[in-house]
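Chains, contacts and geometry: an overview
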Amino acid sequence: MHDSVIALGSNIGDSLTILEAAVKTLHKVPGITYKNISSWYRTKAVGPPQPDYLNGCVNCLVDIEPFELLKILLETENKFGRERKERWGARTLDLDLLLYDDLILDSPTLQVPHPRMLERAFVMVPLAEIVPDWVEPISRRAIKELVKEVDCSGVCLLTDN
Ligand SMILES: Nc1ncnc2c1ncn2[C@@H]1O[C@H](COP(=O)(O)O)[C@@H](O)[C@H]1O
Ligand SMILES: Nc1nc2c(c(=O)[nH]1)N=C(COP(=O)(O)OP(=O)(O)O)CN2
């Protein structure tokens, strides 16, 4: 079993309903067992002008290798009507693999830890809520320390989990 964290985001449609349905969908995948689910946060969009996002993340034990897990995440995004237009553009559902044990992977199709997570408050705030003591393997620093270096002003708690 491998310890992993998946980030979820949505800013098109009924985002809360979409995110909760995505959590249920992933929960049904054989080989994924949830350990903890973060609260949902309303977050200012990073990138081109677009509506606010709802963001959160889940910590799970997975009996699935990283590339297979990525395939499952991309298929789940498609199931929820994800369209790929502009980079960092609005989307019904975004699923990113943030962390996978202490794996460091830099392949053309998959980078772990997610390469931009440390600079993103919409990732770091929910991440620090559920795995504060996880040591990010590149910086070798705990998430609860790394989150202090991010401007969290655009992140607002929506629902407690
Ligand atoms: N860690 C990753 N999680 C999800 N997707 C990843 C990761 N590393 C590389 N990718 C590639 O990014 C695109 C999906 O982009 P999004 O706009 O985040 O959906 C996908 O094709 C992965 O190969
Ligand atoms: N607040 C907020 N802003 C965002 C969000 C998000 O979830 N929340 N996702 C984005 C999409 O980034 P994308 O997945 O296209 O790019 P990446 O490969 O850099 O993660 C772009 N901007």
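Predicted model only: the values in this text are computed from it and were never measured. (Residues numbered from 1 in each chain as written. Chains lettered and ligands numbered in written order. Predicted model: local features only at pLDDT ≥ 70, side-chain atom pairs only at ≥ 80, totals over all residues. Heavy atoms only, no water.)

Here we come to the site of ligand 2. Around ligand 2, the surrounding shell holds 14 residues, and the nearest of these are T43, K44, V46, R116 and R120. Between T43 and ligand 2, the recorded distance is 2.8 Å, taken from a side-chain N or O atom to a nitrogen atom. Here R116 contributes a side-chain N or O atom positioned 2.4 Å from an oxygen atom of ligand 2. Calculation on ligand 2 without its partners gives an accessible area of 490 Å², and the protein chains cover 90% of this total. Put simply, the parts of the chain that give the shell around ligand 2 at least two residues each are β4 (53–62) and β5 (94–100). (Near = heavy atom within 4 Å. Polar contact = N/O pair within 3.5 Å; in protein donor to acceptor, adjacent residues only side chain to side chain. Areas by Shrake-Rupley, 256 points an atom, 1.4 Å probe, with all protein chains shown as cover. Helix = DSSP H or I, 4+ residues; strand = E, 2+ residues; numbered from the N terminus.)

Of the consecutive residues V112 and P113, the connecting peptide bond is found in the cis state with omega at -10°. The topology assignment puts P113 in the loop between β7 (111–112) and α3 (121–130). Located in the positive-phi region is D101, a residue other than glycine, with phi close to 45°. Of note, D101 is situated in the loop between β5 and β6 (105–106). For D101, a relative accessible area of 27% puts it in the partly exposed group. You will see that R140, though not glycine, has its phi angle at about 60°, which is positive. Looking at where R140 falls in the secondary structure, it is placed in the loop between β8 (135–136) and β9 (141–142). (Buried < 20%, exposed > 50% of the residue type's maximum accessible area, 1.4 Å probe, protein only.)

Once that is clear, we can look at the pattern of salt bridges. This structure, assessed with the given rule, holds 7 salt bridges. Among the salt bridges present, the one from K35 reaches D3, with a minimum N-O distance of 3.1 Å. Placement of the pair is K35 in strand β2 (residues 32–37) and D3 in strand β1 (residues 2–10), with a sequence separation of 32 residues. A salt bridge links R91 to D94; its shortest N-O distance comes to 3.3 Å. For the residue pair R91 and D94, the accessibility class agrees, reading buried in each case. (Salt bridge = Lys/Arg side-chain N within 4 Å of Asp/Glu carboxyl O.)

Attention now moves to the UniProt feature "domain: 7,8-dihydro-6-hydroxymethylpterin-pyrophosphokinase" (unreviewed entry) in the chain. If you check UniProt for "domain: 7,8-dihydro-6-hydroxymethylpterin-pyrophosphokinase" (unreviewed entry), the listed places come out as residues 87–98 in our numbering. The straight-line gap between the two end C-alpha atoms of residues 87–98 is 18 Å; of that span, 0% is helix and 42% is strand. (UniProt positions renumbered as here; feature names shortened; annotations may be inferred.)

A word on the side chain of N55. Its place among the elements puts N55 in strand β4. A polar side-chain atom of N55 sits 3.2 Å from the main-chain carbonyl oxygen of L8. In this structure the side chain of N55 is engaged in a polar contact, spanning 2.7 Å, whose partner is the side chain of T43. Contacts of N55, omitting those with residues within four sequence positions, involve L8, G9, S39, W40, Y41, T43 and F122. (Contact = heavy atoms within 4.5 Å.)

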